[in-house]
Amino acid sequence: EAEVAQSPRYKITEKSQAVAFWCDPISGHATLYWYRQILGQGPELLVQFQDESVVDDSQLPKDRFSAERLKGVDSTLKIQPAELGDSAMYLCASSLDAWTRRETQYFGPGTRLLVL
Amino acid sequence: QKEVEQDPGPLSVPEGAIVSLNCTYSNSAFQYFMWYRQYSRKGPELLMYTYSSGNKEDGRFTAQVDKSSKYISLFIRDSQPSDSATYLCAMSGTGANSKLTFGKGITLSVRP
């Protein structure tokens, strides 16, 4: 069964350092999402891509976070500089096409980030 | 007030019990309602998916949506220790409202 791949699974970094997370969605899925999940909370959307275009980044802290999906396939989320409050699980999800019809989102295993 | 409120936990039940998990919401644009199960240190996995009001059954799981009351429920029959996980309700609209809005999640423990 096809799955969303993410790497690394765990990342420990010091504050003010740069970190990057990678996501490979299910093949053929046009819509890709990055979520942040703080311990004890539900995931919150950071950014949504339709193919290579950003369609929603309203909750992305753009002073330190950036996301790209250059060829409309895999995606990278970067934080620079990392802050203590960024410690969380970063989840990637994909769906077939969020705009033309409703499709379920499938989640990857996540990257657990700890900022010291 | 958050758009989606989920009953607080944690919840502990004996094996074989019927479990009822509930969420309320405030956004009338929500049309799609989902329940995700998340095991510790894993990503959420889709458990149930319903559109608009009504019931949907899948094995031991039943999802109910009451749009008039803005209330959704997940029932688990004959609960098993393997059902021990965090359960997240999620909902969305269409087009520009297609992003998922999640509840906080409730941690369920099924005691053998």
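Attention here is on the structure that accompanies the text. Position numbers for residues start from 1 in each chain and track the written sequence from start to end. Going through the entries in the order they are written, you letter the chains from A and number the ligands from 1. Per-residue local features of the predicted model are confined to residues with pLDDT of at least 70, and side-chain atom pairs are confined, for both listing and counting, to 80 or more; whole-chain, interface and lining totals are unaffected and use all residues. Water and hydrogen atoms were dropped before computing side-chain values, which therefore reflect all heavy atoms in the structure.

1. A few points about the packing of aromatic side chains
Then comes step 1: Each Phe, Tyr or Trp ring, with Trp reduced to its six-membered ring, pairs with another whose centre is within 6.5 Å; inter-plane angles below 30 degrees give stacked pairs, above 60 give edge-to-face pairs, and intermediate values give tilted ones. Across all of its chains, the model carries 12 aromatic pairs over all chains by this definition.
Then comes step 2: Taking the centre distance of 5.4 Å and the plane angle of 85 degrees together, the rings of Phe107(A) and Tyr36(B) count as edge-to-face. On the criterion of chain membership, the pair formed by Phe107(A) in strand E10 (residues 106-107) and Tyr36(B) in strand E4 (residues 32-38) is interchain, its members lying in two chains.
Then comes step 3: Residue classification places Phe107(A) among the buried positions, given a relative accessible area of 11%.
Then comes step 4: Burial classes follow relative accessibility: with a 1.4 Å probe on protein chains only, a residue under 20% of its type's maximum area counts as buried, one over 50% as exposed, and anything between as partly exposed. Looking at Tyr36(B), the relative accessible area reads 0%, which means it is buried. Runs of H or I in DSSP of at least four residues are treated as helices and runs of E of at least two as strands, each being numbered from the N terminus.

2. Topic: the interface of chain B and chain A
Where interface size is given, it is often the accessible area lost as the parts come together that is meant.
Then comes step 1: Tallying the contact residues gives 22 residues for chain B and 23 residues for chain A.
Then comes step 2: With both chains or domains summed, chain B and chain A bury close to 1,800 Å², and 53% of this area falls on carbon and sulfur atoms.
Then comes step 3: Any carboxyl oxygen of Asp or Glu that lies within 4 Å of a side-chain nitrogen of Lys or Arg is treated as forming a salt bridge with it. Linking chain B with chain A are 0 salt bridges, by the criterion used here.
Then comes step 4: By the criterion applied in these results, polar contacts are pairs of N or O atoms within 3.5 Å in which, for protein atoms, one can donate a hydrogen and the other can accept it, and in which residues neighboring in sequence qualify only through two side-chain atoms. Between chain B and chain A we count 2 residue pairs in polar contact (both at pLDDT 80 or more) in total.
Then comes step 5: Contributing elements (two or more residues each) for the side of chain B that touches chain A: E4, strand E5 (45-51) and strand E9 (85-92) of chain B.
Then comes step 6: Counting residues per element, the side of chain B that touches chain A draws most heavily on E4(B), which supplies 4 residues.
Then comes step 7: Three classes are used: nonpolar for Ala, Val, Leu, Ile, Met, Phe, Trp, Tyr, Cys and Pro, charged for Asp, Glu, Lys and Arg, and polar for all others, with Gly counted as polar. Residue composition of the side of chain B that touches chain A, by class: 10 nonpolar, 7 polar and 5 charged. Any two residues whose heavy atoms approach within 4.5 Å are treated as being in contact. As a working definition, buried area equals the accessible area (1.4 Å probe) given up by two parts on being put together, with both sides summed.

3. Concerning the pattern of salt bridges
Then comes step 1: According to the stated counting rule, one finds 7 salt bridges over all chains in the structure shown.
Then comes step 2: The partner of Arg64(A) in a salt bridge is Asp86(A), with the nearest N and O atoms 2.6 Å apart. Of this pair, Arg64(A) sits in the loop between strand E6 (53-56) and strand E7 (65-68) while Asp86(A) sits in the loop between strand E8 (75-79) and strand E9 (88-95), and the two are 22 residues apart along the sequence.
Then comes step 3: On the basis of relative accessibility, which here comes to 2%, the residue Asp86(A) falls in the buried class.
Then comes step 4: Here Glu57(B) ties to Arg77(B) by a salt bridge, and the two come within 3.4 Å at their closest N and O atoms. Of this pair, Glu57(B) sits in strand E6 (residues 54-58) while Arg77(B) is found in the loop between strand E8 (71-76) and E9, placing the two residues 20 residues apart along the sequence.
Then comes step 5: Of the residues examined, Glu57(B) reaches a relative accessible area of 59% and is grouped as exposed.
Then comes step 6: Overall, the relative accessible area of 30% leaves Arg77(B) in the partly exposed class.

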